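# Structural characterization, general
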Amino acid sequence: MDAINWHTFFFLLFALVACAFAVGVVLATNIVRMALYLIVSLGATSGLFFLAGADFVAAMQLMIYVGGTLVLLIFGVMLTAKGPFISMKTGGGDWILACLLSGCLAAFLLPAAFAVPGWRNVRHAADTAAVNAAQPEIAEAADASNATAEANSAVATNAPVQTRTATPLGMGLLGPRVDTLDPDDASLVAGMSGYLLPFEIISMHLLVVLVGAAYLARTKRRADSRNPGARNA
Amino acid sequence: MNAGDSLPLLLGLAVLLPLASFTAIVLFGRWMGKAGILASYVATGAIFGAFVLSAISFSIWYFGDLGAPAEAAHAEAVAHDAAVVDTGHASAVEHGTDHANAGHHTARPPKYFAGDWYTLGQFGKLKVTIGYHIDALTIVMFCMVTLIATLIHFYAFGYMHDELHEVTDHEVTLSNGHHLHRPGRFHRFFQYLSLFCFSMLGLVVAGNIAMVFVFWELVGICSYFLIGFYIERKSASNAANKAFIVNRVGDFGMIIGMMALWAGLGTFTFGDIKDAKGNVQQGIFSQVRQEKIAGEGNAYRLLPPDGMVKFAARNEIAAGVEPTPDQMNKWRDQNYGYWLLVIAGLGIFCGCVGKSAQFPLHVWLPDAMEGPTPVSALVHSATMVAAGVYLVGRFYPVFAAEVLLVIAYTGAITLFLAATIAITATDIKRVLAYSTVSQLGYMMLSLGVGGWVAGLFHLITHAFFKSLLFMCSGSVIHATHTNDMMKMGGLRKKMPWTAYTMLVGCLAIMGAGIPLLVGLSGYYSKDSIVAQALSFWNNNPRHGAVFFAIAAGGAAITAFYMFRLWFLTFAGEPRDHHVYDHAHESPKVMYMPLVILAAFAVGVGWNAPLRLNVHGASEWLSVTALLEQARPAGDLPNGVLLPELDHPDEHASHQPTIHVVAALVASGTALVGFLLAVAFYGVRILNPNEVKSQFAWIYRLLINKWWFDELYRVIFIRPVMLISQLVSNFDKKVIDWFIDSLARWTIHVANFDAMIDRYIVDNFVNVTAAWTWSIGNSLRSLQTGKLRQYVMLIVIGTVALGVLIRWSVAAGP
Amino acid sequence: MDLLSQPVGVSHYLVVGAILFISGVVCMAVKRNAIGVLMGIELVLNGANVNFVAFSSNFLRSDQGHSLGLDGQLISLFVIVLAAAEAAVALAIALNYYNNHSTIDVDRADELKG
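All figures in this text were calculated on a predicted structure; none of them were measured in a lab.

Basis of the calculations
Residues numbered from 1 in each chain as written. Chains lettered and ligands numbered in written order. Predicted model: local features only at pLDDT ≥ 70, side-chain atom pairs only at ≥ 80, totals over all residues. Heavy atoms only, no water. Helix = DSSP H or I, 4+ residues; strand = E, 2+ residues; numbered from the N terminus. Buried < 20%, exposed > 50% of the residue type's maximum accessible area, 1.4 Å probe, protein only. Contact = heavy atoms within 4.5 Å. Areas by Shrake-Rupley, 256 points an atom, 1.4 Å probe, with all protein chains shown as cover. Buried area = accessible area lost by both parts, 1.4 Å probe. Salt bridge = Lys/Arg side-chain N within 4 Å of Asp/Glu carboxyl O. Polar contact = N/O pair within 3.5 Å; in protein donor to acceptor, adjacent residues only side chain to side chain. Nonpolar A, V, L, I, M, F, W, Y, C, P; charged D, E, K, R; others polar. Phe/Tyr/Trp six-rings, centres within 6.5 Å; stacked < 30°, edge-to-face > 60°. Lys NZ or Arg CZ within 6 Å of the ring centre and 35° of its normal. Expected span 1.5 Å × (residues − 1). Axes fitted to C-alpha atoms, helices over the stretch in contact; angles between N-to-C directions. Parallel < 35°, antiparallel > 145°, perpendicular 65-115°, else oblique. Left-handed = near helix turned anticlockwise from the far one by under 90°. pLDDT = per-residue confidence, 0-100. Disulfide = S-S within 2.5 Å. Pairing = 2+ DSSP bridges.

Attention shifts here to the overall build of chain C. Within chain C one finds four helices and zero strands. Beginning at the N terminus, the succession of helices and strands in chain C can be written as α-α-α-α. Split into buried and exposed, the 114 residues of chain C put 71% on the buried side. In chain C, 55% of the contacts between residues at least 6 apart in sequence involve partners at least 24 apart.

Shown next as structure tokens:
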């Protein structure tokens, strides 16, 4: 038995949780349960992010997505629940149709996932070096068979892989890209081609959203069961 | 101022006075006095002024210095100096001694004044002018026309009194059965009378044939206005149309004659006119009758002028023969151009046939009696119808012998025809109308056989007694309100003035008098005509017999029907007591002119106790002497196409052998006619009805006026109506049918198009719209508004897109 | 186990992302509750995020240097932010709808039916 690739193990764990609970969101009827399942699923997704080396994004996922957006959704659930949680069932025909469509999508997406050979295999040099330390010739063979031997140099030097992305992300958002510095490419020389503009646009966007949402959700005369369909004041 | 300047001025003014009166009445007539009564004063004043001017002109002519005397007298003319007092005949009998060879007296050209007042235009060689030609004939005509017109103006003032207020015309029935009620037209009548006087005087004074033609038409249109004065009467308007149209038929020939004259002579003017530079422009007369031709004496013989000869010889001239004077004489001897001369003469005479109501254009004059009686008296007895005779007299030098023969025959036929119809007519004015036609025939006959002075003298005397007769009849009609003689009778007790003046007129027209001694005016004139006819018979056995017989017989018939008229109207027992009771004498303003005219009818043939110089001879002043002064130059022409024609000179008729016989025959036949009339209608020993039934077919012929109107209707009117019917039918059946069919076809096509539009095009559009709607409707079902369905559709779309890309790229798995 | 010893590549992440995506789509299509639909939207966005992160990772590919690098992560950051914004607005709409119609059932919201 080979050594357990703990990366793979955790990946599978998080992936299963995420997928299972995502399916659970679909199958659940109770809206609160759906919300809970969603939270779990998104948390697991965050773990996936960590495993992929996007630490900052994963942290943001947890903070913003799970901690913000989903909480908002929960608020929404609570604000729109009337009495005992009404169960709205979808007709069987819709389910069939949905499954059909999902099947089509799957048939389309899943093969696409495995389409490119470069996506399937991975040369995790640190892991293979750690795992296959006793088999250096396999590693060399594997290295030799690797087309991009030069690009592996940084990894082959057994240097710790840089997974701290916060600072480069922050810098990139402000303009300079400190992760890609190439004296040959003019657009990358000074580290320009950052994401300053999208950053500002997003900021404005958020402002607009704030205002809009505040307006849309302002206090109005509530239509209750005695007065259904009452319009805004 | 010498006569040559003053005469044109005076006579021109005399022509213009009635025109001024016409203009004034036309513009202001309605406001001249109450109901326009002053219009008659204006008109009468104007024509009286014209008479005064004519009288002054006559005194200038008689007393004044007329300028250079006539050409050096012919040797024979000198012998006429012996003055003979003859209270009887106007022309001296002494002429007879010098006329051993009849027809050899050469008349010198008369004294005349010719000139142009105004040149209207010059077209190449042709000058169209307003000009005058004044000689003794002009003066005599002026005096006669203005005098009679003045008297008739006075008469009309009384006769037309009805028109001063509203008139009820009993001869017009409206569609609702009532008689027409209309306002009076008093001033209008005098306006037309003035226009007519202007036209007639202009015609008489005219110096060229074109001006004559213009005034010819003017008198025609005035006659039209006056005949149709009572325009609401269908008979009157028809008669006016008939008069004008028949006149126009004659004018057609006149225009042909004028064209021939112009082509041959190059001028319209009658006499020679000296222009400002002193050049003499030759007129018509001196071109056709030249004193000398090619240097050799011609003695004013009638010869075709150069223009006509050249036209006749045009082929030879085109072939290169030079028209030297000698060559021209040679051609003339071969009678080149003679036919053109004949045609010119016949053409002019054609106009006279129309105007003077000769056969065959006589049909309009009896119908012209529809006009008021003053019109009949002035226009249709004395003046307008005399214009034709006047023109024949004026144009005499141009007529060839053959033309004169035609004139004579026309006159003879007319004379006989009209006289016979007058025997049976019962309308008093109709009798007088036919009498006029017959007397005009006398004048034409006289002119045709060579009696120039005789014919024109008869014209003057006829003017007086015929207008007298018409005015008397008008007086009778005014009193009895009927024209029918059969309703009259015994009126002389009620209307003595009218009766006895009419008796004078009847005697005058009969030619009453003591033969060879004294007579009324008609005696002298008729006598001279019969004498000339007899003289002609001597020279032309065949033709002359006809003319003499008709002339003499005509005298008898004339006397018969005139006295028939007088007896039926004024003598015997009244046949209609209603008419007799209402009859009254006319007012003074009406019967005074009758008296004056009667005096003239008696004495116009007598000599006045004054002397007159006629071509170097001293004569008693009389109408004939004055006319003699105006006799055209040259002898009467000899026949060329009919070589045996020999017109005797007028002086030949004054020989006792001829003159006495003629006097006796004329008086005798007149007496026979008179006695017959007395027998039938005076003392009534013979019954006219028996004659009527015994000669029924003759009576029918005469009472139907020889069926001339019916003949013309069949020959002319019916074909025209037939053609117009054909054309109208063609227009209705063919052209209208065609147009209507086109219209119907268009409607059919339009219907067809409408059907196509409605069922195909509209359907197409509607179906398209319906399809669009139904497709849209069915697509509507996609919009369910359901969120989840939209989501699914998004997914489907995405999948489809992916599949498409996958397949199009056709890459690996 | 063989499964546990094999290193994970981009494809596995893509599968996860696909599954999340499909679940989200089905959730959107099937759920009658408006909040449920919103949840579906979140799932979809998350699936996309997973993909982005997978592509940006340096470890998961056999061909080094062909990853998106920081770009992918930046994009996924943006997606998260936008998802939050969109969730806020969508929630406001849903609340409005709930207040006006007194029901959260999207099947009742068919007034735009044509």
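We are not done yet, so read on.
A tally of helices and strands in chain B yields 28 helices and 12 strands. Burial analysis of chain B (813 residues in total) assigns 54% to the buried set. Within chain B, residue pairs in contact and separated by at least 24 positions form 75% of the contacts whose partners lie at least 6 positions apart. Carbon and sulfur atoms make up 67% of the accessible area of chain B, which amounts to about 34,600 Å² in all.

The next thing to look at is the interface of chain A and chain C. Taken together, the contact between chain A and chain C spans 100 residues of the former and 77 residues of the latter. Ranking the residues of chain A by area buried against chain C places A:Y65, A:M88 and A:W119 at the top, with a combined share of 9%. Where chain A touches chain C, the interface holds zero salt bridges. On inspection of chain A and its partner chain C, the count reaches 11 residue pairs in polar contact (both at pLDDT 80 or more). Listed by contribution, the elements that provide at least two residues to the side of chain A that touches chain C are α1 (6–27), α2 (31–51), α3 (55–79), α4 (92–113), α5 (117–120), α9 (166–174) and α11 (196–216) of chain A. The element that contributes the greatest number of residues to the side of chain A that touches chain C is α1(A), accounting for 13 residues. A breakdown of the residues in the side of chain A that touches chain C according to their chemical character gives 64 nonpolar, 24 polar and 12 charged.

Before going further, it helps to spend a moment on the packing of aromatic side chains. Residues and elements named next belong to chain B. If you walk through the whole model with that rule in mind, you get 45 aromatic pairs over all chains. Between F189 and F229, the ring centres sit 5.3 Å apart and the planes meet at 75°, which makes this aromatic pair edge-to-face. Of this pair, F189 sits in helix α5 (residues 186–205) while F229 sits in the loop between α6 (209–227) and α7 (234–265), and the two are 40 residues apart along the sequence. For the pair Y224 and F244, a centre-to-centre distance of 6.0 Å together with 65° between the ring planes defines the contact as edge-to-face. Here Y224, found in helix α6, pairs with F244, found in helix α7; they are 20 residues apart in sequence, far enough to count as distant. Given a relative accessible area of 29%, Y224 falls into the partly exposed group. The partly exposed category is assigned to F244, whose relative accessible area is 24%. Site record: aromatic cluster; members linked through ring pairs are Y41, F157, F186, F189, F190, F229 and Y230. The cationic tip of R30 hangs over the ring face of W31; the distance from NZ or CZ to the ring centre is 5.2 Å. The residue whose ring lies beneath R611 is W620, and the NZ or CZ to ring-centre distance is 4.4 Å.

Our focus in this paragraph is the pattern of salt bridges. Taken as a whole and judged by the stated rule, the model has 20 salt bridges over all chains. A salt bridge links B:R248 to B:E217; its shortest N-O distance comes to 2.9 Å. Here B:R248, found in helix α7, pairs with B:E217, found in helix α6; they are 31 residues apart in sequence, far enough to count as distant. Look at B:R248 and you get partly exposed, because its relative accessible area is 39%. The partner of C:D107 in a salt bridge is B:R788, and the shortest N-O contact between them spans 2.6 Å. Taken together, the positions of C:D107 in the segment after α4 (70–101) and B:R788 in helix α28 (residues 787–809) put the pair across two chains. There is no split in this pair, since C:D107 and B:R788 are both buried. Beyond isolated ion pairs, a larger network of salt bridges with shared partners links B:K242, B:D367, B:E370, B:R430, B:K705 and B:D709.

Let's shift gears to helix α3 (residues 34–56) of chain C. Residue and element names in this part refer to chain C. Compared with the 33 Å implied by 1.5 Å per residue over 23 residues, the 33 Å span of α3 between its first and last C-alpha is a close match. Extensive coverage of α3 is indicated by the burial of 18 of its 23 residues. Capping the start of α3 is the job of one residue whose side-chain oxygen sits 3.2 Å from the backbone nitrogen of I35: N33.

To continue, consider the interface of chain A and chain B. In this complex, chain A contributes eight residues to the contact, which on the side of chain B involves eight residues. Taken together, the two surfaces of chain A and chain B that pack against each other cover about 760 Å², and 80% of this comes from carbon and sulfur. By the criterion of area lost to chain B, the three top residues of chain A are A:L101, A:L105 and A:F108, representing 59% of everything that side buries. Where chain A touches chain B, the interface holds one salt bridge. Note that B:R788 is salt-bridged to A:D94, the shortest N-O span being 3.0 Å.

We now examine the packing of helix α15 (residues 401–424) of chain B against helix α20 (residues 541–570) of chain B. All names here are of chain B. Their axes nearest at 9 Å, the elements α15 and α20 cross at an angle of 30°. Accordingly, the angle class assigned to the pair α15 and α20 is roughly parallel. Regarding α15 and α20, the two cross each other, and that crossing is left-handed. Residues L405, A408, Y409, A412, L415, F416, A419, T420, A422, I423 and T424 of α15 form the contact with α20, whose own contacting residues are H543, V546, F547, I550, A551, G554, I557, F560, Y561 and R564. Its residues assigned to classes, the contact of α15 with α20 shows 16 nonpolar, four polar and one charged.

Next up on the list: the environment of B:L11. All names here are of chain B. Tracing the backbone through its elements, the reader meets L11 in helix α1 (residues 3–28). Distance from L11 to I134, taken between C-alpha atoms, is 8.7 Å for residues 123 residues apart in sequence. Apart from residues no more than four positions distant in its own chain, L11 is found in contact with S57, I134, T138, I139, F142 and V205.

Right, let's get into the confidence of the model for chain B. Looking at chain B as a whole, the pLDDT averages 86, with 94% of positions reaching at least 70. Counting contacts from residues 69–105 of chain B, a segment whose pLDDT is below 50, to residues more than four positions away or on other chains yields 58 contacts.

With that settled, the discussion passes to the state of the cysteines. Scanning the model with the defined rule gives zero disulfides over all chains in all. Between B:C197, a free cysteine, and B:C222, which holds the nearest cysteine sulfur, the sulfur-to-sulfur gap is 8.9 Å.

By secondary structure assignment, the location of C:S11 is in helix α2 (residues 10–30). Not counting residues up to four positions away in its chain, the partners in contact with C:S11 are A:A113, A:F114, A:W119 and A:R120.

To continue, consider the pairing of strand β1 (residues 113–123) of chain B. Within a regular strand, the side chains alternate between the two sheet faces. Note: β1(B) against strand β2 (residues 126–134) of chain B, nine bridges, orientation antiparallel. Bridge pairing in β2(B) links B:T119 to B:T129.

Before going further, it helps to examine the side chain of B:S535. Residue and element names in this part refer to chain B. Inspection of the secondary structure assignment puts S535 in helix α19 (residues 521–539). Accessibility expressed as a relative area gives 2% for S535, which makes it buried. Residues contacting S535, with those up to four places away along its chain left out, are P648, A652, S653 and I658.

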